[in-house]
Amino acid sequence: MNLTEERSQVNETSEEITAADVALSVTTILLSLLICAGNALTIAAIIRSPRLHTLPNMYVMSLAAADLLVGLLMPVLALFFLAPIKNAFNNAKYACLLLFAGLYASCLCSAINMALIATDRYIFITRPFWYERVVTRDVVRGVVAVCWSLAVLMGSVPLYANR
């Protein structure tokens, strides 16, 4: 058997969809449905209930939005586990980069939001009088806007780095 025949056999077998690939894709899609449902309910609860319109919940709302974005992008990522679709995306460089940049940005935004929630609670507990004076609705909106801007900026690096 020569090298060309070996490569054609490898290409034929790489197109096959295994049971493990399907199971991983189905699990990822089911997980993304749970993520979307949970975060959509969180957003709806905060929007519909005036008692939940608090400054700390602005961070929670931002976290839920970032996680909802992750949940919406996960089914597309799940399709990458299937060889024929993965091979089709190999020819669509910018679609692949855009997907991963979106996932990276939303995961980064989620992580930053968790750090912001922890920092907010820490300041509230350790310096309650300073917190009441300094942390206002406009300050929290600005911090959340910087969080999303930083995440989008960092998430778009793969688009610029892969020319």
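Residues numbered from 1 in each chain as written. Predicted model: local features only at pLDDT ≥ 70, side-chain atom pairs only at ≥ 80, totals over all residues. Heavy atoms only, no water.

## Comments concerning a nonpolar patch on the surface
- A surface patch of nonpolar side chains, about 500 Å² in accessible area, is lined by Ile17, Val22, Val26, Ile29, Leu30 and Leu33.
- Mapping Val22 onto the fold places it in helix 2 (residues 19–48). (Patch = residues over 30% accessible without salt bridge, like charges linked within 9 Å, V, L, I, M, F, W, Y side chains within 5 Å. Areas by Shrake-Rupley, 256 points an atom, 1.4 Å probe, with all protein chains shown as cover. Salt bridge = Lys/Arg side-chain N within 4 Å of Asp/Glu carboxyl O. Helix = DSSP H or I, 4+ residues; strand = E, 2+ residues; numbered from the N terminus.)

## What about the pattern of salt bridges?
- Taken as a whole and assessed by the stated rule, the structure comprises two salt bridges.
- Close ionic contact of Arg121 with Asp120 constitutes a salt bridge, the shortest N to O distance being 3.0 Å.
- Owing to a relative accessible area of 31%, Arg121 belongs among the partly exposed residues under this scheme.
- Judged by relative accessible area, which is 5%, Asp120 ranks as buried.
- Measuring nitrogen to oxygen at the nearest pair gives 3.9 Å for the salt bridge that ties Asp138 to Arg141. Of the two residues, Asp138 and Arg141 are both situated in helix 7 (residues 137–155); the distance of three residues between them amounts to about one turn of the helix.
- Residue classification places Asp138 among the exposed residues on the basis of a relative accessible area of 59%.
- Arg141 sits in the partly exposed class, given a relative accessible area of 48%. (Buried < 20%, exposed > 50% of the residue type's maximum accessible area, 1.4 Å probe, protein only.)

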